[in-house]
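Here's the letter readout for the chains.
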Number of protein chains: 2
Amino acid sequence: MKQYNVAIVGATGAVGNKMREVLEERNFPVENLRLLASARSVGKKLSFKGEDISVEELKENSFVGIDIALFSAGATISRKFCPIAAKAGAIVVDNSSAWRMDKEVPLVVPEVNPDAIKRHKGIIANPNCSTIQMVVVLKPLHNVAKIKRIVVSTYQAVSGKGLKAVEELKLQSKALLEGAEPEIKVFPHRIGFNILPQIDDFLPNGYTKEEIKMIQETKKIMEDDSIKMTATTIRVPVFNCHSESVNIETEKKLSPDSAREILSKSPGVIVLDEPASCKYPLPSIADGKDECFVGRIREDESIENGLNLWIVADNIRKGAATNAVQIAEIVIKSLQ
Amino acid sequence: MKQYNVAIVGATGAVGNKMREVLEERNFPVENLRLLASARSVGKKLSFKGEDISVEELKENSFVGIDIALFSAGATISRKFCPIAAKAGAIVVDNSSAWRMDKEVPLVVPEVNPDAIKRHKGIIANPNCSTIQMVVVLKPLHNVAKIKRIVVSTYQAVSGKGLKAVEELKLQSKALLEGAEPEIKVFPHRIGFNILPQIDDFLPNGYTKEEIKMIQETKKIMEDDSIKMTATTIRVPVFNCHSESVNIETEKKLSPDSAREILSKSPGVIVLDEPASCKYPLPSIADGKDECFVGRIREDESIENGLNLWIVADNIRKGAATNAVQIAEIVIKSLQ
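The structure displayed is predicted, hence computed values, not measured ones.

A.B. asks: Is there a simple way to think about the interface of chain B and chain A in this case?
C.D. replies: Taken together, the contact between chain B and chain A spans 55 residues of the former and 55 residues of the latter. For the pairing of chain B and chain A, the buried interface totals around 4,500 Å² over both sides, and the portion due to carbon and sulfur atoms is 60%. Three residues stand out in chain B for area buried against chain A, namely Arg149(B), Phe193(B) and Arg296(B), and they jointly supply 14% of the buried area on that side. In this structure, the connection of chain B to chain A is made through 6 salt bridges. The closest approach of N and O atoms between Arg149(B) and Asp300(A), which form a salt bridge, is 2.6 Å. The tally of links from chain B across to chain A stands at 34 residue pairs in polar contact (both at pLDDT 80 or more). For the side of chain B that touches chain A, the secondary-structure elements that each account for two or more residues are strand E8 (147-155), helix H4 (163-177), strand E9 (228-232), strand E10 (242-250), helix H7 (283-286), strand E12 (292-299) and strand E13 (306-313) of chain B. Partitioning the side of chain B that touches chain A into residue classes produces 26 nonpolar, 18 polar and 11 charged.

A.B. asks: It is not clear to me how the environment of Ala313(A) should be interpreted in this structure. Could you clarify?
C.D. replies: All names here are of chain A. Here alanine 313 is to be found in strand E13 (residues 306-313). For alanine 313, a relative accessible area of 1% puts it in the buried group. In the structure, alanine 313 is positioned 70 residues away from serine 243 in sequence and 6.8 Å away in space, judged by C-alpha atoms. Not counting residues within four places of it along the chain, the set of residues in contact with alanine 313 comprises Gln133, Cys241, His242, Ala286, Glu291 and Cys292.

A.B. asks: Please explain unusual backbone geometry as it appears in this structure.
C.D. replies: Where the residue is not glycine, phi is negative for most of them; where a peptide bond is considered, it is trans in most cases. Residues and elements named next belong to chain A. Positive phi, normally seen in glycine, also occurs at aspartate 200, with a value near 70 degrees. Examined against the element boundaries, aspartate 200 turns out to sit in the loop between helix H4 (163-177) and helix H5 (209-221). According to the relative accessible area criterion, aspartate 200 is partly exposed, its value standing at 32%.

A.B. asks: Just checking my understanding: could you explain the side chain of Ser266(A) for this structure?
C.D. replies: Counting through the fold element by element, Ser266(A) comes out in the loop between helix H6 (256-264) and strand E11 (269-271). Here Ile262(A) takes part through its backbone oxygen, which lies 2.8 Å from a polar atom of the side chain of Ser266(A).

A.B. asks: Explain the relation of the copies chain B and chain A to me, please; I cannot follow it from the model alone.
C.D. replies: For the pair of chain copies, the relating transformation is a rotation about an axis with a translation along it. If you rotate chain B by 180 degrees and push it 0.0 Å along the axis, it lands on chain A with an RMSD of 0.0 Å. What the rotation and shift describe, once combined, is the action of a two-fold rotation axis.

A.B. asks: Explain the state of the cysteines here, please?
C.D. replies: What we call a disulfide is simply a covalent bond connecting the sulfur atoms of a pair of cysteines. A complete count under the given rule lists 0 disulfides over all chains for this structure. Free cysteine Cys129(B): the closest other cysteine sulfur is in Cys241(B), separated by 11 Å.

A.B. asks: Mind showing me how you'd approach the sheet that holds strand E10 (residues 242-250) of chain A here?
C.D. replies: Paired through backbone hydrogen bonds, the strands of a sheet run either parallel or antiparallel to each other. All names here are of chain A. With respect to topology, 6 strands assemble into an open sheet ordered E9-E8-E10-E13-E12-E11, the strand pairing being mixed. Since the sheet does not close on itself, it has two edges, and those belong to strand E9 (228-232) and E11, each with one partner. When strand polarity is set aside, the average angle formed by the axes of neighbouring strands in this sheet is 25 degrees. One ladder, built from 8 bridges, connects strand E8 (residues 147-155) with E10; its direction is antiparallel. Among the inter-strand pairings, tyrosine 155 is bridged to a residue of E10, identified as serine 243. Strands E8, E9, E10, E11, strand E12 (292-299) and E13 of the sheet are contacted by helix H3 (residues 129-145), whose axis makes an angle of about 25 degrees with E10.

A.B. asks: Explain the pattern of salt bridges here, please?
C.D. replies: Where charged atoms from two side chains of opposite charge come close, those side chains can pair. All names here are of chain A. Taken as a whole, this structure holds 46 salt bridges over all chains when the rule is applied. Between glutamate 210 and lysine 213 there is a salt bridge, and its shortest N-O distance comes to 3.4 Å. In this pair, glutamate 210 and lysine 213 are both assigned in helix H5, 3 residues apart and thus about one turn of the helix distant. Classification of glutamate 210 as buried rests on a relative accessible area of 4%.

A.B. asks: It is not clear to me how helix H1 (residues 14-25) of chain B should be interpreted in this structure. Could you clarify?
C.D. replies: Side chains three or four residues apart in an α-helix point the same way, a direct result of the helix having 3.6 residues per turn. Residues and elements named next belong to chain B. The terminal C-alpha atoms of H1, which comprises 12 residues, lie 17 Å apart, in line with the 16 Å expected from a rise of 1.5 Å per residue. A large share of H1 lies buried, amounting to 9 of its 12 residues. Within the span of H1, buried status applies to Ala14, Val15, Gly16, Asn17, Lys18, Met19, Arg20, Val22 and Leu23. Tucked inside the fold, the buried residues of H1 contact strand E1 (4-9), strand E2 (30-37), strand E3 (45-48), strand E5 (68-71), H4 and helix H8 (317-335). Positive phi appears at asparagine 27, one or two residues downstream of H1, with a value of about 55 degrees.

A.B. asks: How do you make sense of the packing of helix H3 (residues 129-145) of chain B against helix H5 (residues 209-221) of chain B when you look at a structure like this?
C.D. replies: The angle between the axes and the distance between the axes are what describe a pair of packed helices. Residue and element names in this part refer to chain B. Running from amino to carboxyl end, H3 crosses H5 at an angle of 40 degrees, the nearest separation of the two axes being 9 Å. Overall, the two elements H3 and H5 adopt an arrangement that is oblique. Relative to H5, the crossing made by H3 is right-handed. Two secondary-structure elements touch here, H3 through Ser130, Thr131, Met134 and Val135 and H5 through Glu210, Lys213, Met214, Glu217, Thr218 and Ile221. The residue inventory of the contact of H3 with H5, partitioned by class, reads 4 nonpolar, 3 polar and 3 charged.

A.B. asks: Help me understand the side chain of Asn126(A) in this model?
C.D. replies: All names here are of chain A. Tracing the sequence through the fold places asparagine 126 in the loop between strand E7 (123-125) and H3. Taking relative accessible area as the criterion, asparagine 126 reaches 0% and is therefore assigned buried. Within the structure, the side chain of asparagine 126 is placed 2.9 Å from the backbone oxygen of alanine 320, a separation counted as a polar contact. From its side chain, asparagine 126 meets the backbone nitrogen of alanine 324 in a polar contact 3.4 Å long. Beyond its immediate stretch of four places on either side in the chain, asparagine 126 contacts Asp94, Asn95, Ser96, Arg100, Leu107, Val108, Ile132, Ala320, Asn323, Ala324 and Ile327.

A.B. asks: When you look at the pairing of E9(B) in this model, what are you seeing that I'm missing?
C.D. replies: Each regular strand shows side chains that alternate between the opposite faces of the sheet. Residue and element names in this part refer to chain B. Extensive coverage of E9 is indicated by the burial of 4 of its 5 residues. Where E8 lies against E9, 5 bridges are found, and the strand directions are parallel. Within E9, the residue paired with valine 152 across the bridge is alanine 231.

A.B. asks: How do you make sense of the sheet that holds E12(B) when you look at a structure like this?
C.D. replies: All names here are of chain B. Within the open sheet, the 6 strands sit side by side as E9-E8-E10-E13-E12-E11. Their pairing is mixed. Each of the sheet's edge strands pairs with one partner strand only, and the pair in question is E9 and strand E11 (269-271). Across this sheet, the average inter-strand angle for adjacent strands is 25 degrees, counted without regard to direction. Note: E12 against E13, 5 bridges, orientation antiparallel. In the strand pairing of E13, glutamate 299 is matched with leucine 307.

A.B. asks: For this particular structure, what's the right way to read empty space enclosed by the protein?
C.D. replies: Here the idea is plain: a probe the size of a water molecule rolls over the atoms and shows the empty space left. Scanning all chains against the criterion turns up 1 cavity of 30 Å³ or more. Roughly 90 Å³ of internal volume is contained in the largest cavity. Lining the largest cavity are 18 residues, with Val151(A), Val152(A), Ser153(A), Val151(B) and Ser245(B) positioned closest to its centre. Breaking the lining of the largest cavity down by element, the ones donating at least two residues are E8, E9 and E10 of chain A together with E8 and E10 of chain B. When the residues that make up the lining of the largest cavity are grouped by side-chain class, the tally is 7 nonpolar, 11 polar and no charged.

A.B. asks: Explanation requested: the packing of aromatic side chains in the structure shown.
C.D. replies: The description of two aromatic rings rests on the distance between their centres and on the angle between their planes. Applying the stated criterion to the full structure yields 9 aromatic pairs over all chains. When the centroid spacing of 6.0 Å and the interplanar angle of 45 degrees are considered together, the rings of Tyr280(A) and Phe202(B) count as tilted. Taken together, the residues Tyr280(A) in the loop between E11 and helix H7 (283-286) and Phe202(B) in the loop between H4 and H5 connect one chain to another. On the accessibility criterion, Tyr280(A) (1% relative accessible area) is buried. You can call Phe202(B) buried: its relative accessible area is 17%. Here the aromatic cluster, defined as three or more aromatic residues joined through ring pairs, consists of Tyr155(A), Trp310(A), Tyr155(B) and Trp310(B). Between Arg298(A) and the ring centre of Tyr207(B), over which it is positioned, the NZ or CZ distance is 4.6 Å.

Cut-offs and rules
Residues numbered from 1 in each chain as written. Chains lettered and ligands numbered in written order. Predicted model: local features only at pLDDT ≥ 70, side-chain atom pairs only at ≥ 80, totals over all residues. Heavy atoms only, no water. Contact = heavy atoms within 4.5 Å. Buried area = accessible area lost by both parts, 1.4 Å probe. Salt bridge = Lys/Arg side-chain N within 4 Å of Asp/Glu carboxyl O. Polar contact = N/O pair within 3.5 Å; in protein donor to acceptor, adjacent residues only side chain to side chain. Helix = DSSP H or I, 4+ residues; strand = E, 2+ residues; numbered from the N terminus. Nonpolar A, V, L, I, M, F, W, Y, C, P; charged D, E, K, R; others polar. Buried < 20%, exposed > 50% of the residue type's maximum accessible area, 1.4 Å probe, protein only. Least-squares fit on C-alpha atoms with pLDDT ≥ 70 in both. Disulfide = S-S within 2.5 Å. Pairing = 2+ DSSP bridges. Axes fitted to C-alpha atoms, helices over the stretch in contact; angles between N-to-C directions. Expected span 1.5 Å × (residues − 1). Parallel < 35°, antiparallel > 145°, perpendicular 65-115°, else oblique. Left-handed = near helix turned anticlockwise from the far one by under 90°. 1 Å grid on protein atoms, 1.4 Å probe; cavity = no way out; pocket = protein on both sides within 12 Å on 5 of 7 lines; lining within 4 Å. Points joined across faces, edges and corners; volume = space filled by probe spheres on them. Phe/Tyr/Trp six-rings, centres within 6.5 Å; stacked < 30°, edge-to-face > 60°. Lys NZ or Arg CZ within 6 Å of the ring centre and 35° of its normal.

Take a look at the structure:
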């Protein structure tokens, strides 16, 4: 089997670390792995398949000989370095928001729109975490019943904001339990035992960028601009795994039973929906898993064709690292 | 000023304790305060206006001489003892779900439907916490623009399940931070750093009782059965204050600006809606307050006349104790 030279940009971050782990777990055919980060991480050693790899500084010439470059170092880095990597001959899978809405760049969830990958011109975008888990569950329902409108409220874990945010939740929780004043550094307000109705910056229309990302990316990935959607994205004091309360209106009537049946056969979805025995998706269940969990499927009787769903997934795995590696797996198939 | 003999049933619980506090804070004209609870709390002393009052066992003859009885000891106790208290001549304000949907019993939020109190026959019901904070904010908008449909997802604090639940969140959080196994006693699953999509028991249609309570109570309090509504109620690892992501569709167009203007003049509402400076309602802000905080008001462009709102309130105060005492204040005005 052909082996590939792979680079991870942002290798020391929450997602970058997980990308390395997932490449190993899924036995991705890696010839050489290059770990790239900012100057302050240089010299740090990270393990891959039992071998210690030194982190190198991300530079313009970092992509010589690289076949696949996985980026997760923020939009500013991606805007500059993804084209450089692509020009050097690498196929880029970018986890930042930089290229997602670019018409020339496919935005891909492998369970939903794998064919979009074929149209890439060197860069493929990995969607926002909260979008990925929602479309994995909604696309199979859309195929059967056509979704007209989505109203989603999210319950997003701190890991989505990186390792410092995870540390902040730990430190603040500890302080509050001890009756001490929590220190606020990463989030605009205390997140320990609190709920923040803000993820990313605000836009003039009162929405956050995260909310607009969810709306725009959903339409692009589902390849249907006619879907109407609104979103409220909320940060909760959970370390990992995003949860979502999703209300949909469909053109065709879809009973909860048929939704469950469709979803139980859908790739990447696990239906966990036995309320009588308190079985439903939880962050504590989805943690460390690659599937999107769905439950609490029930008819919304306030409209003619309505359903409510509760969707939980590991935002660092399926919401970021695993989805990126899955894209890379499809990419290398086309190279063989 | 006339003074009244007041009883609190469930005096040692989270809400019962707060009722005593709120009676004192608001200077309710109390002649004598009788604190009633189960046999195991007898002899416990609780302070009121600098005086220690012994907790007595709730018995059939506990209400002799009582003018106002505030109940918060669960539906089973209320079903049995509210009629006994009313028969003994007390006017009952009941915080349980026992009487809320009874046609003979007014279900009251003083800012919304104070006139319903007049129709009481001895028992007045205090609504569910998650319902109260929502209708305080929605009723003024309904008056102007007529709400056709509500889609709500909640973020509910553990205090709503009582003092043992608060203790469980503390203990589990501490255990998890120390890498220990958390003990699960009060909730069906771990609540520490987790999200539970279940509040109260499940019904055959897949909804929880909490969700159905919100839907039914909203229509009764807003006195409009034509309002369509669906709800998803979720428990979050927050000690106190419920948050709600509320999506409404109105008959008349309502801009975010006019909604803010209407709400800024509405009783019991505080508009906190300056996203540019990260000002929006938070549990940490609403804690200990009697008002319902609303922010993140923005147009939902997925429908013609849609708005999103974020509502936070102290579920033990306005969601329970304060609302009950406010009802009692209106009751005694009618007695004078």
